[in-house]
Each structure stands twice: as C-alpha cells, then as structure tokens.
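Remarks on the overall topology
As a plain string of letters, each chain reads:
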Amino acid sequence: MATKLSQEELLAQFETLTLIELSEFVKAFEEKFDVTAAAAVAAAPVGPTAAVEAAEEQDEFDVILTGAGEKKIQVIKVVRELTSLGLKEAKDLVDGAPKPVLEKVAKEAAEKAAESLKGAGASVEVK
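Residues numbered from 1 in each chain as written. Predicted model: local features only at pLDDT ≥ 70, side-chain atom pairs only at ≥ 80, totals over all residues. Heavy atoms only, no water.

Here helix H2 (residues 19-33) contains 15 residues, and its C-alpha end-to-end distance of 21 Å stays within 8% of the 21 Å for a straight helix at 1.5 Å per residue. A positive phi of about 50° marks Asp 34, the residue just after H2. (Helix = DSSP H or I, 4+ residues; strand = E, 2+ residues; numbered from the N terminus. Expected span 1.5 Å × (residues − 1).)

Next comes the structure, spelled out in structure tokens:
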C-alpha cells in the first residue's frame, strides 16, 4: 500500500512539474474523478492585469462638470434636477467648473446624468 503524502509534499511535487505537465495532470484528474478544476486552477491576477480588472469592476462613478458651455442657464437647471441644490448653489457649482456634480453613483445613474448635462450643452466627464 502506498504511503499518503501530506499537502506540503504534494505541493513540492507539483512545483517540479512544467506547465504542460501540470496541465496534463489536471486533465487526467478531471477525467478520473469526473470533476472540473477550472476554479481551482485559475490564479488571482497580479500586476497590471489586476489594475485593469479592478477598473472594469468599478461600481461607483463621479460625474464631473468640466464646462457649462453656451447654455449656462439650461445647465444650471439640469444640475438642480440631478442634485438637491438650490439655485444659488447650482449656479456656483456651474460657475466653478470643473466640479463634481454627483459622486459615488451607479454606472447607469452616472451615464444618465452625463447625458442630461451634455444635452443641456455642458461638457462632462465620468470617472
């Protein structure tokens, strides 16, 4: 009867395998035990890839007014609709561009707000 290897001993054995050998082992393991090891084989991304995935998974966005454009009054009206600001506060925000109009909102809300502001003639950034 074969001796049972500890987890450390198994990992030490796997360290000696090439990627091709390890891939073949995983396929044989999946066939033998009728399982899939896709989740177990996938490694967490490291380096630049991790930053790209983090950016893709962003769920909070800021809508930043970068300029009022020619229709400043229309932009102030839209800012008031999007926020709970009064007339003076909305005017100050528009006059002080670039400034954030909405912060940490969902992607859909940020896109909708940006569309409204652009429709009024403003220039907007979504970050």
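Moving on: the pairing of strand S1 (residues 61-67). Of all 7 residues that make up S1, 5 are buried, and the element is covered over most of its length. Where S1 lies against strand S2 (residues 99-105), 4 bridges are found, and the strand directions are antiparallel. In the strand pairing of S2, Ile 64 is matched with Pro 100. In this structure, S1 lies alongside strand S3 (residues 123-126), joined through 4 bridges in antiparallel fashion. (Buried < 20%, exposed > 50% of the residue type's maximum accessible area, 1.4 Å probe, protein only. Pairing = 2+ DSSP bridges.)

A word on the pattern of salt bridges. Tallying each qualifying case throughout the model produces 4 salt bridges. Measuring nitrogen to oxygen at the nearest pair gives 2.8 Å for the salt bridge that ties Asp 95 to Lys 91. One end of the pair, Asp 95, and the other, Lys 91, are both in helix H6 (residues 87-95), 4 residues apart, so they sit about a helical turn from each other. The partly exposed category is assigned to Lys 91, whose relative accessible area is 39%. Notably, a salt bridge pairs Lys 127 with Glu 125, separated by 3.5 Å at the nearest N-O pair. A relative accessible area of 35% means that Glu 125 is categorised as partly exposed. What you see here is one network of salt bridges that share partners, running through Lys 72, Lys 91 and Asp 95. (Salt bridge = Lys/Arg side-chain N within 4 Å of Asp/Glu carboxyl O.)

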